[in-house]
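Descriptive analysis of the structure
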Amino acid sequence: MSDCLFCKIAAKNIPSKVIYEDEMLIAIEDINPSAPVHVLLIPKKHIASLNDIGDTDKSLLGHIQVIAAQIAKEQKIAKDGYRLVNNCGTMGGQEVMHLHYHLLGGREMLWPPG
Ligand code: AMP
Ligand code: ZN
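Residues numbered from 1 in each chain as written. Chains lettered and ligands numbered in written order. Predicted model: local features only at pLDDT ≥ 70, side-chain atom pairs only at ≥ 80, totals over all residues. Heavy atoms only, no water.

A look at the overall build of the chain
- Along its length, the chain carries 3 helices and 5 strands.
- Reading the chain from its N end, one meets helices and strands in the order α-β-β-β-α-β-α-β.
- For 114 residues, the compact-globule formula gives about 13 Å, and the C-alpha radius of gyration of the chain, at 14 Å, lands near that figure.
- Looking at the chain as a whole, 39% of its 114 residues qualify as buried.
- Partitioning the contacts of the chain with sequence separation of at least 6, the portion at a separation of at least 24 is 55%.
- Surface accessibility of the chain: about 7000 Å² in total, with carbon and sulfur atoms responsible for 54%.
- Counting 11 positive and 13 negative side-chain charges, the chain places the averaged centre of each group 4 Å from the other. (Helix = DSSP H or I, 4+ residues; strand = E, 2+ residues; numbered from the N terminus. Rg over C-alpha atoms; globule rule 2.2 N^0.38 Å. Buried < 20%, exposed > 50% of the residue type's maximum accessible area, 1.4 Å probe, protein only. Contact = heavy atoms within 4.5 Å. Areas by Shrake-Rupley, 256 points an atom, 1.4 Å probe, with all protein chains shown as cover. Lys, Arg positive; Asp, Glu negative; His and termini not counted. Charge placed at Lys NZ, Arg CZ, Asp CG, Glu CD.)

Have a look at this one:
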């Protein structure tokens, strides 16, 4: 989608700090980190939110979790633990309407989240 921030980042039309990339997704450092490790996992396919996924996206969603766990190990947060978050829609706190997951670690997470 031409006017979508994360489509532009995935296409390298906007610079970002890339942690990992393959044919299905890109993982970048969050520009405004909420934790010592704050990585965004962004599918290259434009999907607005978790409300917009379908049966054909099952392998993509599974892939995102496998890669999130791999990045957690590489970022040395796996042993202590971390949080993988999707914000969906306005009440869920989603600001960028292109599906993405936050990988947060390096500090203790609170529950319930705000
Ligand atoms: P959400 O509120 O779940 O939609 O999360 C959007 C996230 O994107 C926020 O944590 C922002 O800090 C992050 N963000 C916004 N613009 C950029 C950018 N240009 N590069 C990296 N992260 C960004
Ligand atoms: Zn997009």
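After that view of the structure, there is still more to cover.
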